[in-house]
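Architecture at a glance
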There are 2 protein chains.
Amino acid sequence: MNFFIILFLFFSLFSITFSHETFNSHLLPRPLIIEFPQTIETQFGKSIDELQLECSSWRFAVESNNLSPWKTIPHECADYVKDYLMGRAYRFDLERVSKEAIKYAKSVELGEDAKDVWVFDIDETLLSNLPYYADHGFGLEVFDGVEFDKWVDKAMASPIESSLKLYEEVLKLGFKVFLLTGRSEHQRGVTVANLINSGFQDWDKLILRATEDHGKLAATYKSEKRNEMVEEGYRILGNSGDQWSDLLGSSVSIRSFKLPNPMYYIP
Amino acid sequence: MNFFIILFLFFSLFSITFSHETFNSHLLPRPLIIEFPQTIETQFGKSIDELQLECSSWRFAVESNNLSPWKTIPHECADYVKDYLMGRAYRFDLERVSKEAIKYAKSVELGEDAKDVWVFDIDETLLSNLPYYADHGFGLEVFDGVEFDKWVDKAMASPIESSLKLYEEVLKLGFKVFLLTGRSEHQRGVTVANLINSGFQDWDKLILRATEDHGKLAATYKSEKRNEMVEEGYRILGNSGDQWSDLLGSSVSIRSFKLPNPMYYIP
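Below is a short write-up of the structure. (Residues numbered from 1 in each chain as written. Chains lettered and ligands numbered in written order. Predicted model: local features only at pLDDT ≥ 70, side-chain atom pairs only at ≥ 80, totals over all residues. Heavy atoms only, no water.)

**Thoughts on the packing of aromatic side chains**
Inspection of every chain in the model, using the stated rule, returns 35 aromatic pairs over all chains. Pairing Tyr133(B) with Tyr264(B) gives two aromatic rings, centres 5.1 Å apart and planes at 25 degrees, and the pair type is stacked. On the criterion of sequence distance, the pair formed by Tyr133(B) in helix 6 (residues 130–134) and Tyr264(B) in the segment after strand 7 (255–258) is long-range, its members being 131 residues apart. Classification of Tyr264(B) as buried rests on a relative accessible area of 12%. One Lys or Arg, Lys205(A), reaches over the ring of Phe178(A) and ends 5.1 Å from the middle of that ring. Taking NZ or CZ as reference, Arg255(A) lies 5.2 Å from the ring centre of Tyr104(A), over its face. (Phe/Tyr/Trp six-rings, centres within 6.5 Å; stacked < 30°, edge-to-face > 60°. Helix = DSSP H or I, 4+ residues; strand = E, 2+ residues; numbered from the N terminus. Buried < 20%, exposed > 50% of the residue type's maximum accessible area, 1.4 Å probe, protein only. Lys NZ or Arg CZ within 6 Å of the ring centre and 35° of its normal.)

Here's what the structure looks like:
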């Protein structure tokens, strides 16, 4: 009988140790967990933490306009960019920009002459081409104008819901809405169709690249068009775009809102 | 004896189970590990993942100039901002901006008239006040000008090494270096001392706020000073600053470099 008692005691001790172990690892992760990502090397010979650091830094450089013109995203950031776009972070960022813009739009007093304008870019600002870019490596492939135009012709880009909210809000507040896009004049039909089927309506102007605008840098073309607005007596109070070339140059808006876009760069 | 054999068998079985368990958790983290951050609530009633998402989004909004003037960092992002600044990410971002700027500086051809200028802001661009802000919650406390001036008077701000590298490079390339700071003229002595003891020398102009500049927005004051440079025939090819008010306005530089600063905002 003595042996059974010893056996029972051993059993109990082990059970307690074991259950304690399980309980603790739920409550407090062991160091090995936290160190896990730093020890696994990726195909680029860098740890996941290292890549996160580098790609996050790269994205910061993109969004704060510190980079020279770039043609594709860094190869090693392909997964990072994809995860950002397909996960919650991209939509979260888009929503924040929209909220900030709405807050500002509500705070300004508009003139009675209906000359206060909000300028919107279209691609990656009102309409999302994410389905197209998902098929083309989210910016990993060099931009192919011919392929992209085929996509545009389908008029299947999806609305960026947070931008639609801002769009409707500024219209309601009494702003004139001018759409200023790098798309060509010959794409007016499909662009109008895509905007309408995405819920955008009642804009005051839709400005596309005319023949003479082709070959101009986006920053130049858009500045010229804003200059014309100012010459016509409009006051540009707000401007939303995913490219710095939508926002900088001449006749710059009182407030500009930079939507995130880590997929491509338009100079 | 039989009992000892049974005891031994039990012991062995437990050991195997136990060692197997330990081995596996080193190799493959269990789901509970991955889920850990999503299940622990912080003092703000949000998971760590949620806070990471929100604060990272807030930081990008700061760096892409989407926010209205703000006085303190969001309370719930206090740890995030501290970790960013004290960890590798801040230095990593600073180094990237410096590298991009050096690449650009080397790519431009300078005139023979010695009129090509690189403008540098000072605080959080050449000199780091991180020791001061570490004592004041990294932006969590409302800015206290009197306290900060006491710190400035000590001339103990540390050099931002990556900016020193850029600084020396543009001097070597033949740029004129103009320092344009929001500090007051009466702080010239300590500012010069701090710059020199940090390794910065041979600048061509050090412009501080004169009496008539007090009360002006930084963006206005700095634009006016850049206008004067242009009127004097200088070409502003590069501009480095941690605030958008260092970079935007009139007589904007050909290329501007936005250094990260999630601690404070100067309009």
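**Some remarks on helix 9 (residues 188–197) of chain A**
Residue and element names in this part refer to chain A. Along helix 9, the positions that sit buried rather than exposed are Thr191, Asn194 and Leu195. Taken down its axis, helix 9 places every buried residue within 100 degrees of arc, on the same side. Across helix 9 from its buried face, at more than 90 degrees, point the exposed residues Gly189 and Asn197. Considering only its buried residues, helix 9 is in contact with strand 2 (127–128), strand 4 (176–184) and strand 5 (205–209). One or two residues past the end of helix 9 sits Gly199, with phi positive at roughly 100 degrees. (Arc of directions from axis to C-beta. Contact = heavy atoms within 4.5 Å.)

**Notes on the sheet that holds strand 5 of chain A**
Residue and element names in this part refer to chain A. Pairing within the open sheet is parallel, and its 5 strands lie in the order 5-4-1-6-7. The open sheet terminates on both sides in strands that have one partner only, identified here as strand 5 and strand 7 (255–258). Neighbour-to-neighbour, the strand axes of the sheet open up by a mean angle of 20 degrees, direction not taken into account. Across 4 bridges, strand 1 (residues 116–120) lies against strand 4 in parallel orientation. In the strand pairing of strand 4, Trp118 is matched with Val177. Contacts between helix 5 (residues 88–107) and the sheet are confined to strand 1, strand 6 (235–241) and strand 7, with strand 7 contributing the most and set at about 165 degrees to the helix. (Pairing = 2+ DSSP bridges. Axes fitted to C-alpha atoms, helices over the stretch in contact; angles between N-to-C directions.)

**Brief notes about unusual backbone geometry**
The phi dihedral of Phe138(A) falls on the positive side, at around 55 degrees, and the residue is not glycine. Along the polypeptide, Phe138(A) turns up in the loop between helix 6 (130–134) and helix 7 (145–153).

**Regarding the sheet that holds strand 1 (residues 116–120) of chain B**
All names here are of chain B. Taken together, the 5 strands give an open sheet; going across it, the order is 5-4-1-6-7, and neighbouring strands pair in parallel fashion. Each of the sheet's edge strands pairs with one partner strand only, and the pair in question is strand 5 (205–209) and strand 7. Sheet twist, expressed as the average angle between the axes of neighbouring strands with direction ignored, equals 20 degrees. Bridge count between strand 1 and strand 6 (residues 235–241): 5 bridges; the pairing is parallel.

**Examining the packing of helix 5 (residues 88–107) of chain B against helix 8 (residues 161–173) of chain B**
Residues and elements named next belong to chain B. Packing of helix 5 against helix 8 leaves a shortest axis separation of 8 Å and a crossing angle of 10 degrees. The angle between the axes of helix 5 and helix 8 places the two elements in the roughly parallel class. The segment helix 5 lies against helix 8, with Leu94, Glu95, Ser98, Ala101, Ile102, Ala105 and Lys106 engaging Ser162, Lys165, Leu166, Glu169, Val170 and Leu173. Its residues placed into classes, the contact of helix 5 with helix 8 shows 7 nonpolar, 2 polar and 4 charged. (Parallel < 35°, antiparallel > 145°, perpendicular 65-115°, else oblique. Nonpolar A, V, L, I, M, F, W, Y, C, P; charged D, E, K, R; others polar.)

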